[in-house]
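If you want the building blocks of each chain, they are given just below.
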Amino acid sequence: MRSYECIFIINPELEAEEISAVVEKYSSLVTTNGGEITKVDEWGRRRLAYEIQKRRDGYYVLMEYKGAADFVAELERVMLIDENIMKFLVTRKEEVKEAVAETETAAE
C-alpha cells in the first residue's frame, strides 16, 4: 500500500455536525476500500486565496492514508460529485518527499 495525502476544502456554510459527517464519510470510504487512515487533521475555517463557488472562506481538512493506487481515482470521483467539497487534491507522499529532496539538492 502506498501513502497518500488528501487535502480538501468543505463548504463553510455547513453546521459543525455536517462538517464532521463529511470528514467521517471520506474516512470510512478509505477504510471500506481496504485503506488505512494514518492522520486526519482538521485545520478549520480559513480565508481562501481567491473565491471558489462565490465563497471567500472554506473549512480545510488534511487526511493522510495508506491505500491501493487504483483507489485514488475512486476517491476523486466521489469528491467531484459531492456538493459539500469545494476543492481537493490527492498526492502520493513519497512524491512529495522526493520533490523536496530534489529541490534541496538543486539549491546546494
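Keep in mind that what you see is a predicted model, and the values were worked out from it rather than measured.

**Student:** How do you make sense of the overall build of the protein chain when you look at a structure like this?
**Tutor:** Within the protein chain, the regular secondary structure consists of 3 helices and 4 strands. Going through the 108 residues of the protein chain one by one, you find that 37% of them count as buried. On the protein chain, roughly 6800 Å² of surface is accessible, and the fraction owed to carbon and sulfur atoms is 48%.

**Student:** What's the story with helix α2 (residues 71-81) in this structure? I'm lost.
**Tutor:** Along α2, the positions that sit buried rather than exposed are Phe 71, Val 72, Leu 75, Val 78 and Met 79. Mapping the buried residues of α2 onto a view down its axis gives an arc of 130 degrees, with all of them on the same face. Exposed positions of α2 whose direction lies more than 90 degrees from the buried face are Ala 73, Leu 80 and Ile 81. Where α2 is buried, its residues contact β1 (2-10), α1 (16-32), β3 (55-67) and β4 (85-92).

**Student:** When you look at unusual backbone geometry in this model, what are you seeing that I'm missing?
**Tutor:** Excluding glycine, most residues fall at negative phi; most peptide bonds, likewise, are trans. Phi at Gln 53 takes a positive value of approximately 55 degrees, unusual for a residue other than glycine. Relative to the helices and strands, Gln 53 resides in the loop between β2 (36-52) and β3. What makes Gln 53 partly exposed here is its relative accessible area of 45%. Its identity as a non-glycine residue notwithstanding, Lys 54 has a phi of 60 degrees, on the positive side. When its relative accessible area of 78% is taken as the criterion, Lys 54 is described as exposed.

**Student:** Teacher, can you tell me more about the nonpolar core here?
**Tutor:** Among soluble globular proteins, nonpolar side chains are generally buried collectively. Counting residues in hydrophobic clusters, the biggest one holds 22 residues, and the most contacted among them are Cys 6, Phe 8, Ile 10, Tyr 26, Tyr 65 and Leu 75. Listing elements by their share of this core, those giving two or more residues are β1, α1, β3, α2 and β4. For this core, the leading source of residues is α1, giving 6 residues.

**Student:** Honestly, the sheet that holds β3 in this entry has me stumped. Any pointers?
**Tutor:** Two orientations exist for strands paired in a sheet by backbone hydrogen bonds: parallel and antiparallel. The strand order across the open sheet formed by 4 strands is β2-β3-β1-β4, and the pairing between neighbours is antiparallel. Each having just a single partner strand, β2 and β4 make up the two edges of the open sheet. Averaged over all neighbouring strand pairs, the angle between strand axes comes to 20 degrees, with direction disregarded. By the bridge criterion, 7 bridges tie β1 to β4 in an arrangement that is antiparallel. Paired with Ile 10 across the bridge in β4 is Ile 85. In the packing of α1 onto the sheet, contacts are made with β1, β2, β3 and β4, and the angle to β2 comes to roughly 135 degrees.

Conventions adopted
Residues numbered from 1 in each chain as written. Predicted model: local features only at pLDDT ≥ 70, side-chain atom pairs only at ≥ 80, totals over all residues. Heavy atoms only, no water. Helix = DSSP H or I, 4+ residues; strand = E, 2+ residues; numbered from the N terminus. Buried < 20%, exposed > 50% of the residue type's maximum accessible area, 1.4 Å probe, protein only. Areas by Shrake-Rupley, 256 points an atom, 1.4 Å probe, with all protein chains shown as cover. Arc of directions from axis to C-beta. Contact = heavy atoms within 4.5 Å. Core = buried A, V, L, I, M, F, W, Y, C linked by side-chain atoms within 4.5 Å. Pairing = 2+ DSSP bridges. Axes fitted to C-alpha atoms, helices over the stretch in contact; angles between N-to-C directions.

Just distances and angles here, no functional claims.
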